[in-house]
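This is what each chain is made of:
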Amino acid sequence: MNLWKRMTRKPDLAAALKADDLLTRSLTTRDLIALGIGAVIGTGIFILPGTVAATTSGPAITIAFILAAVVCSLAAMCYAEFASALPVAGSAYAYGNIVFGQVFGWIIGWALILEYMLAVAAVSTSFSAYFASLLTGFHIHLPAAIAGPFSPSHGTYINLIAVLVVLLIGIMLSRGMQSSMAINRLMVLVKLLIILIFVIVGFFYVQPANWHPYLPFGAKGVLAGAAMVFFAYLGFDAVSASAPEVKQPQRTLPRGIIGTLIIATILYVLVAIVLTGMVPFTKLDVADPVAFALGAVHLRGLGGFISVGALAGMFTMMVTMIYSSSRLIYAIGRDGLLPRWFGHISGHLPENALWTVVAIIAIMGGLVPLNQLVNLVNIGTLIAFAFVSIGIIPLRRHKAITNDGFHVPGYPVTPIVSFLFCLLLMTQLSVETWLMSLAWFAFGLVIYFSYGIRHGHVSEAKIR
């Protein structure tokens, strides 16, 4: 079997597209934007600004968000072109498989599995923290044994709320995309309303003195912060995973990806400015910084209201990422790199892939501490971004691929600059993160060389 095999003929590509025909094209532009906004805004606004400001960037977290957004915008345009040219399941995994070859597709897919699943596991633990905080306002306290990750020395054994919310989302998605998207759109609207209320009310409690010193950790802190807040922009790349279930994907996918990034960046910066202006950044290293800041200015009632918005935001993020990861596992199983049981379609849904993803995420969210997850999510994201960015060059040269939709402006400079920025941000991640990720990829290559290389295919597309 040829390790570097890739799709080179139009019939091969047509077969890959035909494989996804059993999935229903029901998602509209409105659904796509709701998926993207639901994912992106759920994490960054309610989790990262406080902790990154306190530990890495200080009030210059606003610059870190903008820098990350600039890099993401370059990668977003590359994703948009790929989504327009290749509206297939699997997102960057499928793109890499087609333009680079099977082994590279597997590496990208393995990085995406890391990104998507760990992202949801991490957010499920923060969802649990906000939910516990909300219950405390009603004088309800969860037993310590079921309110934290597995740590017998601290008296915690499982984060039960994190497990239950993941299972709930799994049930919701298994009932079909129409009902799931209706719930998702409603929660996105609630979340956006609450974010705007926080920004408007919090503005009146901003003390400019809290922004000094603006660069307590220097320029290096801003770069490190930008690498960390990449976690906040995960949603736009997940949008591309919906390609085979989107109506008119060549038009709606680029709009959804780029529109998501623009709206999210504006909201992130506004919230970061207000948050660091309300409370000294040194006090923001907490699990629920937005509610904490409102409590610090004696608006605890509004803090409970914000906690509801945070729960809605994190819920919609988890919906998108569980959805995307299930489609990724489905695509890899469809191609034979994982057992084709994962590529089975039942009732127009990849049920096997969905429930496998839900089970793994529930276990991680219930047992693994948050601080061991976030940076691994970032490196998985950056690896996928890097491959997609530089992949625009072989995509343009691929004789079997025609694209009448979106094209990256400034080619070839834009994809090359995007690729280099991704490499730069990867250098800002810790040695521990690199070592853990290398162990993850080593494990992935063992799976590939022991199973995937013998069973994978690119020209056939069968669903069994």
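Only a predicted model underlies this, so the values are computations on that prediction, with no experimental measurement involved.

A.B. asks: So what exactly am I meant to see when it comes to helix α3 (residues 48-57) here?
C.D. replies: Because an α-helix packs 3.6 residues into every turn, residues spaced three or four apart end up facing the same way. In terms of residue burial, α3 counts as a mostly covered element, since 9 of its 10 residues are buried. The set of residues buried in α3 consists of L48, P49, G50, T51, V52, A53, A54, T56 and S57. Looking one or two residues past α3, G58 carries a phi angle of roughly 70°, positive in sign.

A.B. asks: Would you mind going over the packing of aromatic side chains with me for this structure?
C.D. replies: By convention here, two paired aromatic rings are described through the distance between centres and the angle between planes. Under the defined criterion, the tally for this structure stands at 15 aromatic pairs. Taking the centre distance of 4.7 Å and the plane angle of 10° together, the rings of F82 and Y95 count as stacked. Here Y95 lies in helix α5 (residues 92-99) and F82 lies in helix α4 (residues 61-85), a separation of 13 residues in the sequence. The pair formed by F82 and Y95 is uniform in burial state, with each residue classed as buried. Measuring from ring centre to ring centre gives 5.2 Å for W106 and W110, while their planes differ by 20°; the resulting arrangement is stacked. Highlighted residues: W106 and W110, both in helix α6 (residues 102-136), separated by 4 residues, approximately one helical turn. Judged by its relative accessible area of 1%, W106 is buried. The exposure class of W110 is buried, given its relative accessible area of 6%. Site record: aromatic cluster; members linked through ring pairs are W106, W110, W440, F443, Y448 and F449. Note that R396 overlies the ring of Y411, its terminal NZ or CZ placed 4.2 Å from the centroid.

A.B. asks: Would you take a moment to explain the pattern of salt bridges for this structure?
C.D. replies: Once the charged atoms of two side chains with opposite charge are near each other, the side chains can pair. Across all of its chains, the model carries 3 salt bridges by this definition. Among the ionic pairs, R185 bridges to D31, the shortest N-O distance being 2.3 Å. Of this pair, R185 sits in helix α8 (residues 177-203) while D31 sits in helix α2 (residues 29-44), and the two are 154 residues apart along the sequence. On the basis of relative accessible area, R185 is assigned to the partly exposed category, the value being 22%. Overall, the relative accessible area of 4% leaves D31 in the buried class.

A.B. asks: Looking at this structure, I do not really get the environment of T252. What am I missing?
C.D. replies: Considering the arrangement of structural elements, one finds T252 in helix α11 (residues 249-278). With relative accessibility at 2%, the residue T252 sits in the buried group. In this structure the C-alpha to C-alpha distance between T252 and D31, which are 221 residues apart in sequence, comes to 9.9 Å. Setting aside residues no more than four positions away along its own chain, T252 makes contact with T29, L32, V246 and K247.

Cut-offs used in this document
Residues numbered from 1 in each chain as written. Predicted model: local features only at pLDDT ≥ 70, side-chain atom pairs only at ≥ 80, totals over all residues. Heavy atoms only, no water. Buried < 20%, exposed > 50% of the residue type's maximum accessible area, 1.4 Å probe, protein only. Helix = DSSP H or I, 4+ residues; strand = E, 2+ residues; numbered from the N terminus. Phe/Tyr/Trp six-rings, centres within 6.5 Å; stacked < 30°, edge-to-face > 60°. Lys NZ or Arg CZ within 6 Å of the ring centre and 35° of its normal. Salt bridge = Lys/Arg side-chain N within 4 Å of Asp/Glu carboxyl O. Contact = heavy atoms within 4.5 Å.

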